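Chain by chain, the residues run as shown.
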Amino acid sequence: MEINEKYMRRALQLAANGKGFTAPNPMVGAVIVASDGRVIGEGWHRRCGEAHAEVNAVASVREADRHLLADSTIYVTLEPCSHYGKTPPCAKLIADTGIPRVVVGAGDPNPKVNGRGIAMIREAGGEVVTGVLAAESIALNKVFFTAQTLRRPYITLKWAQSADGYMDVKRNPEEPAFAFSTPLTRATTMRMRADNEAILTTAATVNADNPRLTLRGWPGRQPRPFILDRHGVTDSAAALLGSAVVLSGDAPFDALFRDYGVTSVIVEAGPRYLAHLLDSGMWDELRVEIAPVILGERGAHPAPPFPEVGARLEKSLQAGPNRMLFFVRCPSADVPS
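A tally of helices and strands in the chain yields 10 helices and 15 strands. The 337 residues of the chain split such that 49% are buried. Of the contacts made within the chain by residues no fewer than 6 positions apart, 73% connect residues no fewer than 24 positions apart. A total of about 16,000 Å² of accessible surface is found on the chain, and carbon and sulfur atoms cover 52% of it.

So, in structure tokens, the structure goes:
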């Protein structure tokens, strides 16, 4: 394995420790390697508003090893920041610390950075290598790259259906929706909710199912619920109304990003709205649970067809007796050189 990739893979492992806690910031990892190949410092961005990966990596270096910084290399999964925000610029920290070489995974698409961090280090006399495992860093931060480049949240469409393509059964209004999930697939849903900042549903779904859309039995932050209701028809007794924000415009994802700072959202809605989003291309990831049941004449609400263009099958796995399919669109970004 090429030496730069070896240490960058370790930095990516560290970065992933921040999953679910850094939004709207990216997940970033950093590794400091002395000239003899010994790792003398490691760190990752643990939580939004707290120290960045580079700061934590430098702080982790033992006092007895600090003299080695002058001939060390720092591996960072994302371009070091160059602006003052909640924390000082990491590019300046690297230069001030005297670390002479920096290896960067992906460039930062944030307009406040976007090459400026690399330029700041080079102007201070540092050597910078870019583009090492850039695709892996971008994939890890697909939410951040989507939000920065498209100015909207990363959108995951999620539904469960029968093997013959129905999302529910014919039922009376007081009857609950058909339960497709197993304990394991319910756990995967909760994990997905913990990894996202918001859940969007529609007034029609609220009125039909009265869902809670909360995080249960899995650690993490509760996603913020939103209801798309263009005509003011949400049932006043709905359980979600006490905590949800009601959106009424025609561009809900623009509003989520612009007005509420949301960078990732799960859409859990009925087939009509899901099909609309699929047809319009307004999605980034699709998660479908297919239960091994045939509903036949009992079936209601046919599920949207799977997209065939503009997506790739990332993985298909067996989850208990149910099968879950994941389709993911992969963001891309130029890496400054």
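A separate point is the environment of Phe21. Here Phe21 shows up in the loop between α1 (3-15) and β1 (29-33). By relative accessible area, Phe21 is classed as partly exposed at 31%. Considered as a pair, Phe21 and Glu197 are 176 residues apart in the sequence and their alpha carbons are 9.8 Å apart. Non-local contacts of Phe21, meaning those with residues more than four positions away in its chain, are made with Arg46, Arg47, Cys48 and Arg221.

Roughly 1,600 Å³ of volume is contained in the largest pocket. Lining the largest pocket are 48 residues; nearest its centre among them are Ala177, Thr205, Asp209, Glu268 and Ala269. It is helix α8 (residues 203-209) that contributes the most residues to the lining of the largest pocket, six residues altogether.

The end-to-end C-alpha separation of helix α7 (residues 183-194) is 17 Å, in line with the 16 Å expected for 12 residues at 1.5 Å each. Within α7, burial applies to Thr185, Thr189, Met190, Met192, Arg193 and Ala194.

Let us look at the pattern of salt bridges. Should their charged atoms come close, side chains of opposite charge can pair. All told, the structure shown has 15 salt bridges when counted by the stated rule. Glu285 serves as the salt-bridge partner of Lys142, at 2.9 Å between the closest nitrogen and oxygen. Of this pair, Lys142 sits in helix α6 (residues 142-150) while Glu285 sits in strand β12 (residues 285-291); the two residues are 143 residues apart in sequence, bridging distant segments of the chain. Salt bridges sharing partners connect three or more residues here, namely Arg38, Arg62 and Asp65.

This part takes up unusual backbone geometry. Going from Ala23 to Pro24, the amide bond is cis rather than trans, its omega being 5°. Mapping Pro24 onto the fold places it in the loop between α1 and β1. Unusually for a residue other than glycine, Arg151 sits at a positive phi of about 60°. Mapped onto the elements, Arg151 comes out in the loop between α6 and β6 (154-162). For Arg151, a relative accessible area of 44% corresponds to the partly exposed category. Phi is positive for Leu213, which is not a glycine, with a value near 55°. Mapped onto the secondary structure, Leu213 falls in the loop between α8 and β9 (224-228). With relative accessibility at 7%, the residue Leu213 sits in the buried group.

What follows is about the nonpolar core. Counting residues in hydrophobic clusters, the biggest one holds 26 residues, and the most contacted among them are Ile32, Ile74, Ile99 and Val102. At the level of elements, β1, α2 (53-59), β3 (73-78), α3 (90-97), β4 (101-106), α4 (116-123), α5 (134-140) and α6 are the ones that each hand at least two residues to this core. Ignoring any residue separated from it by four or fewer positions in sequence, one finds Val102 in contact with Ile74, Ile94, Ile121, Glu127, Val128 and Val129.

Let's shift gears to the state of the cysteines. Taken as a whole and judged by the stated rule, the model has zero disulfides. Residue Cys90 stays outside any disulfide, its sulfur separated by 3.8 Å from that of Cys81, the closest cysteine. Among the residues examined, Cys90 registers a relative accessible area of 1% and is labelled buried.

Position of Asp250 among the secondary structure elements: in the loop between β10 (245-247) and α9 (252-260). Taking the C-alpha atoms as reference, Asp250 lies 9.1 Å from Leu228; in sequence the two are 22 residues apart. Polar side-chain contacts of Asp250 include one of 3.0 Å to the side chain of Arg230.

With respect to the helices and strands, Asp284 occurs in the loop between α10 (271-280) and β12. Looking at Asp284, its side chain comes within polar contact range of the side chain of Arg152, at 2.7 Å. Within the structure, Asp284 has its side chain in polar contact with the backbone nitrogen of Ile155 (distance 2.8 Å).

Moving on to the sheet that holds strand β5 (residues 127-129). What the five strands build is an open sheet, ordered β2-β1-β3-β4-β5; its pairing is mixed. Across the chains shown, the open sheet's two edge strands, defined by having one partner strand only, are β2 (39-44) and β5. Here the strands of the sheet are splayed against their neighbours by 15° on average, with no regard to which way each runs.

So, on to the packing of aromatic side chains. Two descriptors summarise a pair of aromatic rings, namely the distance from one centre to the other and the angle between the planes of the rings. Going through the model one piece at a time under the given rule, you end up with four aromatic pairs. Taking NZ or CZ as reference, Arg46 lies 3.9 Å from the ring centre of Trp44, over its face.

Conventions we followed
Residues numbered from 1 in each chain as written. Predicted model: local features only at pLDDT ≥ 70, side-chain atom pairs only at ≥ 80, totals over all residues. Heavy atoms only, no water. Helix = DSSP H or I, 4+ residues; strand = E, 2+ residues; numbered from the N terminus. Buried < 20%, exposed > 50% of the residue type's maximum accessible area, 1.4 Å probe, protein only. Contact = heavy atoms within 4.5 Å. Areas by Shrake-Rupley, 256 points an atom, 1.4 Å probe, with all protein chains shown as cover. 1 Å grid on protein atoms, 1.4 Å probe; cavity = no way out; pocket = protein on both sides within 12 Å on 5 of 7 lines; lining within 4 Å. Points joined across faces, edges and corners; volume = space filled by probe spheres on them. Expected span 1.5 Å × (residues − 1). Salt bridge = Lys/Arg side-chain N within 4 Å of Asp/Glu carboxyl O. Core = buried A, V, L, I, M, F, W, Y, C linked by side-chain atoms within 4.5 Å. Disulfide = S-S within 2.5 Å. Polar contact = N/O pair within 3.5 Å; in protein donor to acceptor, adjacent residues only side chain to side chain. Pairing = 2+ DSSP bridges. Axes fitted to C-alpha atoms, helices over the stretch in contact; angles between N-to-C directions. Phe/Tyr/Trp six-rings, centres within 6.5 Å; stacked < 30°, edge-to-face > 60°. Lys NZ or Arg CZ within 6 Å of the ring centre and 35° of its normal.

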